Amino acid sequence: MKSLVEQKVLALNGDEAVAYAAKQADVDVVAAYPITPQTIIVERFSEYVANGEVETAFICTESEHSALTACLAASLTGARTFTASASAGLALMHEMLFVTSGCRAPVVMAIANRALSAPINIHGDQSDTMAQRDSGWIQIYAENAQEVYDSVIQAFRIAEHPDVLLPVMVCLDGFQLSHSVENVNVFPDEIVKKFVEVRRFPKVLTHEGKLALLKLDPENPMTMGPLAFPNYYFEFKRQQEEAMKNALEVIRQVHDEYARISGRNYGDGLLDYYYLEDAEIAAVCLGSTAGTVKTVVDELRAEGVKAGLLRIRTLRPLPFEGIQKALENVKAIAVMDRSMSFGGYGGAVFHEVRHALYDYDKHPFTVNYIYGLGGRDTSPMQIREIYRDLQEILEKNRVETPIRYVGLRE
Amino acid sequence: MTETEAFEHPFAKYLRAAMMPHIWCSGCGNGIILNAFVHALDEMQMDLNKLVVVSGIGCIGRAAGYTNVDSFHTTHGRPIAFATGVKLAKPELEVVVISGDGDLFAIGGNHFIHAARRNIGIKVICANNFNYGMTGGQVGPTTPLEALTTTTPYGNIEHPFNLVHLAAASGATYVARWTTLHVRMLAISIKKLLQREGFSFIEVVSPCPEIFGRRNKMRTGLEMMEWFRKASVIENFSDPAKAEITPERIVVGEFVDVEKPTYEKLLHDKMAQILKESED
């Protein structure tokens, strides 16, 4: 694909790519609290604020809980709102994550994925965002710094779409993406500004019987986040689920529109397919690991092995049918999880993928690989072994160990 | 060739040699604080089996790992809440929190004021380095006005906490402030802190040349210590409300030293009273 506009190449790490995208997206309010490996995002952004490069009200709050609460409130007044966090910070936001999605506030948040305590660990894994996958936030996992930049810009359009109105997390693997410098193509400011548009609001009926834009505005008073007892609460939740369903289509549309301008696409925006058309064995993973897996798939293909990869870019909403279709003809699947679901028979991504495959008549062998916890490196050699395991499963026509751990001392 | 005799450092038993070298930058004050703490323990002949050290996130948070006692390194902001649990379950233990200004007064600020209000018998030593050092020097709750940090590149506009005033107003029974220049006074003060029954607090103004100082015209630990030397005045039992830290003036000394019954004691007495009444 060719780009429609001239782009400039900047050497940015993932965190800087986030900050640059947020700067160009014309954000009104940022409230944040420092936590490794997300800190660079807020540092860079505070420089933009101080330099007058953005017209953003910025505050370093006293905790992540306060940061997201402030973002929520700002978003409800109609402001475009952004924050960033990781690990324990995201865990501390847990309460407010549900309030934000329940209030249908389109806050965009970057998460530099990091392990959770205890023991304390500052390095990358996806335990933090996996633990929040039922919080009503859209979750997009990026593979590299370029995709981080592109995804943050797309996130504002997705979140603020009147059919969606849900908060979005853009997840980037801690250190592997947050701190690794890559060449990133960036748009001129005006292109991004045009793409993200001015925030739009649906019209709702107020208690005074007036049609008003859905935002806190003294001219048209309304209450946000009030009590909803057993008589109405359930309907609110059902509407959130409907918005998630709508998001599947909106994410795809926004991705395609962006791809036409940028010349870059990530599968269909929901799933990224790599040599899956005729693959007999395939891995399924999220985030930066896909880069390593793709290298291994290239090697295997050169050796004549029919290997493929499915990268789940959007985990929430889950592209359920897409996963089924993508893995239709694959005979053995290795689902890779960079977090654990203790006591849950395999990791979270394993649950999702096996779940999606259940309705199919052909039940491919599906095994789970837990890897890279607390920042442990996962080498191309280890990924090759995973594909070798899949070949062995096909040869023996049975699975001996359904859940395996990569590079673990046992 | 003569064989050199291996001497064990007299304080070796207080620290975990396997954890050394420590992570602190040259010129950092955390080593001085840990040293003063260990001196106080040694002078008191503290029973290490009765001592618990709890720390939070931040550079000084490593203190829990470095001290050779039962210890816990909590998530950000939670050491006082954790220490509260230890003290309630095991009131006979000496529970010391060693943590930083960001941890204790921003994300953990609520725990501090409520533990002080309840007068839980825990002891809190705060290394105040004026910023979030470990995450790269962001503005925090003690950052002076106009100071430069990574998130206030043109000067801080947030009013900082006066920690000794906050502690006194919240109900702490022992409150002191020293800088890392006042090493002996600090060690003596830590001894007192450990001897008190109620919620006790020492703020240690500590140099952070690598992360805070170099953005604020104090590139070395020595330059930061020079600031402490010039600015600090010892005024024991002066009004903590008037002890704001400014570039010109750092009031140090003891501010509060009073006795009042601890939460654990009141809880114990209340339970005894209720039990007695139910027997009668």
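Residues numbered from 1 in each chain as written. Chains lettered and ligands numbered in written order. Predicted model: local features only at pLDDT ≥ 70, side-chain atom pairs only at ≥ 80, totals over all residues. Heavy atoms only, no water.

Draft legend 1. Quick peek at empty space enclosed by the protein. All names here are of chain A. On inspection of all chains with the given rule, the structure shows four cavities of 30 Å³ or more. Taken together, Ser75, Leu76, Cys103, Arg104, Ala105, Pro106, Leu165, Arg199, Phe201, Pro202, Leu214 and Met224 make up the lining of the largest cavity. Partitioning the lining of the largest cavity into residue classes produces nine nonpolar, one polar and two charged. (1 Å grid on protein atoms, 1.4 Å probe; cavity = no way out; pocket = protein on both sides within 12 Å on 5 of 7 lines; lining within 4 Å. Points joined across faces, edges and corners; volume = space filled by probe spheres on them. Nonpolar A, V, L, I, M, F, W, Y, C, P; charged D, E, K, R; others polar.)

Draft legend 2. View of the packing of helix H3 (residues 64-76) of chain A against helix H5 (residues 94-102) of chain A. All names here are of chain A. Where H3 meets H5, the closest approach of the two axes is 9 Å, and the angle between their N-to-C directions is 10°. Of the possible angle classes, the one that applies to H3 and H5 is roughly parallel. Of H5, the residues touching H3 (which contributes His65, Leu68, Thr69 and Leu72) are Glu95, Met96, Leu97, Val99 and Thr100. The residue inventory of the contact of H3 with H5, partitioned by class, reads five nonpolar, three polar and one charged. (Axes fitted to C-alpha atoms, helices over the stretch in contact; angles between N-to-C directions. Helix = DSSP H or I, 4+ residues; strand = E, 2+ residues; numbered from the N terminus. Parallel < 35°, antiparallel > 145°, perpendicular 65-115°, else oblique. Contact = heavy atoms within 4.5 Å.)

Draft legend 3. Spotlight on the side chain of asparagine 162 of chain B. Residues and elements named next belong to chain B. Locating asparagine 162 in the fold gives a position in the loop between strand E4 (123-128) and helix H6 (163-170). Overall, asparagine 162 belongs to the buried group, its relative accessible area being 10%. Here the side chain of asparagine 162 touches proline 240 through a polar contact of 2.8 Å, landing on its backbone oxygen. Excluding residues that lie within four positions of it along the chain, asparagine 162 makes contacts with Arg177, Pro240, Ala241, Ala243 and Glu244. (Buried < 20%, exposed > 50% of the residue type's maximum accessible area, 1.4 Å probe, protein only. Polar contact = N/O pair within 3.5 Å; in protein donor to acceptor, adjacent residues only side chain to side chain.)

Draft legend 4. Just the interface of chain A and chain B, in detail. On the side of chain B, 19 residues touch chain A, which itself brings 20 residues to the contact. For the pair chain A and chain B, the two sides together bury roughly 1,400 Å², of which 65% comes from carbon and sulfur. Viewed at the interface, chain B and chain A are joined by zero salt bridges. Summed over the shared surface of chain A and chain B, the number is six residue pairs in polar contact (both at pLDDT 80 or more). When contributions to the side of chain A that touches chain B are tallied by element, the ones reaching two or more residues are helix H2 (39-50) and strand E3 (57-60) of chain A. With six residues, H2 of chain A is the largest single contributor of residues to the side of chain A that touches chain B. (Buried area = accessible area lost by both parts, 1.4 Å probe. Salt bridge = Lys/Arg side-chain N within 4 Å of Asp/Glu carboxyl O.)

Draft legend 5. Structural view of the pairing of strand E7 (residues 168-173) of chain A. All names here are of chain A. Within E7, six of the six residues are buried, leaving the element largely enclosed by the surrounding structure. Alignment of strand E5 (residues 108-113) against E7, held across six bridges, turns out to be parallel. Bridge pairing links isoleucine 111 to cysteine 171 in E7. With helix H7 (residues 145-160) bridging strand E6 (residues 138-141) and its parallel neighbour E7, the resulting β-α-β unit is right-handed. (Pairing = 2+ DSSP bridges. Right-handed = clockwise from strand over helix to strand, strands pointing away.)

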